[in-house]
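# Survey of secondary and tertiary structure
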Amino acid sequence: MIMKPLKTGNTEAAIPIIQGGMGIGISLGGLAGAVAKEGGIGIISAAQIGFREEDFDRNPKEANLRAIKKEYDKARSIAPHGVIGFNIMVASRHYGEYVKAAIDAGADLIISGAGLPTELPAIAAGHDVKLAPIVSTEKSAKVLLKYWDRKYRRIPDLLIIEGPQAGGHLGFSSEQLQSFIGEDGTGESDSYDEEVRSVIKTARDFSEKYGRKIPVALAGGIENREMAAHAFSLGADAIQVASRFVTTEECDADMRYREAYLKARKEDIVIVKSPVGMPGRAILNPFMKRVMDGEKIPHSPCHRCLQKCSVTDIPYCITDALIHAAKGEVDDALLFCGANAYRANKIEKVKEVIDSLLC
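For the structure given in this document, a descriptive report is provided here. (Residues numbered from 1 in each chain as written. Predicted model: local features only at pLDDT ≥ 70, side-chain atom pairs only at ≥ 80, totals over all residues. Heavy atoms only, no water.)

The next thing to look at is the nonpolar core. With 79 residues, the main nonpolar core has Ile239, Phe245 and Leu334 as its most contacted residues. Excluding residues within four positions of it along the chain, Ile239 makes contact with Pro16, Ile17, Ile18, Ala217, Leu218, Ile222, Ala228, Ala231, Phe232 and Leu358. (Core = buried A, V, L, I, M, F, W, Y, C linked by side-chain atoms within 4.5 Å. Buried < 20%, exposed > 50% of the residue type's maximum accessible area, 1.4 Å probe, protein only. Contact = heavy atoms within 4.5 Å.)

The three strands lie next to each other as S9-S13-S12, forming an open sheet whose pairing is antiparallel. In the strand order of this sheet, the two ends are held by strand S9 (168-169) and strand S12 (269-273), each with one partner. Direction of pairing for S12 relative to strand S13 (residues 279-283): antiparallel, over a ladder of five bridges. Its bridge partner being in S13, Val272 is matched across the sheet by Gly280. (Pairing = 2+ DSSP bridges. Helix = DSSP H or I, 4+ residues; strand = E, 2+ residues; numbered from the N terminus.)

Next up on the list: the pairing of strand S4 (residues 41-45). Strand residues, when the strand is regular, have side chains that alternate between the two faces of the sheet. For S4, a buried count of five out of five residues is recorded, marking the element as mostly surrounded by other parts of the structure. Burial along S4 is two-sided: the face carrying Ile41, Ile43 and Ser45 and the face carrying Gly42 and Ile44 are both buried. Crossover handedness for the path S4 to helix H2 (residues 60-78) to strand S5 (residues 83-87): right-handed. (Right-handed = clockwise from strand over helix to strand, strands pointing away.)

Turning to the pairing of strand S10 (residues 216-219), a few remarks are in order. Of the two faces of S10, both are covered, the one formed by Val216 and Leu218 as well as the one formed by Ala217 and Ala219. Here four bridges tie strand S8 (residues 159-162) to S10, and the two strands are oriented parallel to one another. Among the inter-strand pairings, Ile160 is bridged to a residue of S10, identified as Ala217. Bridge count for S10 against strand S11 (residues 238-241) is three bridges, and the pairing is parallel. From the neighbouring strand, Leu218 faces S11, where its bridge partner is Ile239.

Here we come to the packing of aromatic side chains. Going through the model one piece at a time under the given rule, you end up with four aromatic pairs. Taking 6.5 Å as the distance between ring centres and 25 degrees as the angle between the ring planes, the aromatic pair formed by Tyr72 and Phe86 counts as stacked. In this pair, Tyr72 is assigned in helix H2 and Phe86 in strand S5, connecting sequence segments 14 residues apart. Each member of the pair, Tyr72 together with Phe86, is buried. Each ring, one from Tyr257 and one from Tyr261, has its centre 5.5 Å from the other, and the planes form 40 degrees; the classification is tilted. Placement of both Tyr257 and Tyr261 in helix H10 (residues 255-263) is noted, with a separation of four residues, approximately one turn of the helix. Residue classification places Tyr257 among the buried residues on the basis of a relative accessible area of 4%. (Phe/Tyr/Trp six-rings, centres within 6.5 Å; stacked < 30°, edge-to-face > 60°.)

Next up on the list: the packing of helix H5 (residues 138-152) against helix H7 (residues 193-210). In the contact formed by H5 and H7, the axes pass within 9 Å of each other and the chain directions differ by 15 degrees. In this view, H5 runs roughly parallel relative to H7, as classed from their interaxial angle. Note that H5 runs across H7; the crossing there is right-handed. Residue-level inspection shows Glu138, Ala141, Lys142, Leu145, Lys146 and Asp149 of H5 in contact with H7, the latter providing Glu195, Ser198, Val199, Thr202, Ala203, Phe206, Lys209 and Tyr210. (Axes fitted to C-alpha atoms, helices over the stretch in contact; angles between N-to-C directions. Parallel < 35°, antiparallel > 145°, perpendicular 65-115°, else oblique. Left-handed = near helix turned anticlockwise from the far one by under 90°.)

Written as structure tokens, this is what we have:
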């Protein structure tokens, strides 16, 4: 496989792999630093990143802002010269403040999805940080690129296409998921190819207008060399991989969370609905079975994580469920994962994962 460095403006990663952001507490400074040290792009998830801070329950925003700096410094100490960024969800409350905190910490890159980051250029104005929106369809790519072009006279430094086999929240309606991957939630790897080609063409059109290339990374279910090669054959400049990095020694999550991936069978990986109504992919465990049976799970006081969340109506608190996951309380947790997570069969080092994808 011919492998070229991933260049985003004046920033270059020797290896065209982006480690996907995974929250809460799955990809923090330890994992991001390890990936960046090996030449890839390490990504820290800012989602409720301060959950281990003593005052998190009382002052979640302040705890998160403090932890953003701590986790970045940890990653930078591991990879002094690596490329390190943050994944920050548009749906987050205090989105703008978290983006500014990541920039102030020293982030090379801001990746932003869970909604279209239409205002990200304004928030990051005046800083030499690279901006990478996540899109899932040609329509969303066109809407975002046209908006940035018209309002800010700029294009993204990197565009990430997150496909239907990704883990966590998915940028598709239930109908789109059935169209792309079928009712069983798996589907064939080529079922989404035409959409990918259309998004890449849209990116190339805007690249020509500005005389500067928008590199494109493809994400979603990529777990081996053949899948990586297929992504590059479609025209991608890089791949974003998340689930493969969960089952590594360097992952920031509790070992019991990592072991849940090793124990999962193909039939255990299902499409679920998050408390705010978005489809997502997760491991079917006792907690999720209770939710699917219609049980309303008691939760802690609101941690003010998402902009649109009705505390009195939600079936469970996503912050509580994801913190349980990060702490290894796997039977009481929401265990997000990619479509091929069940294929993991051992704990590896980050370098081994990278080598298995590109060598």
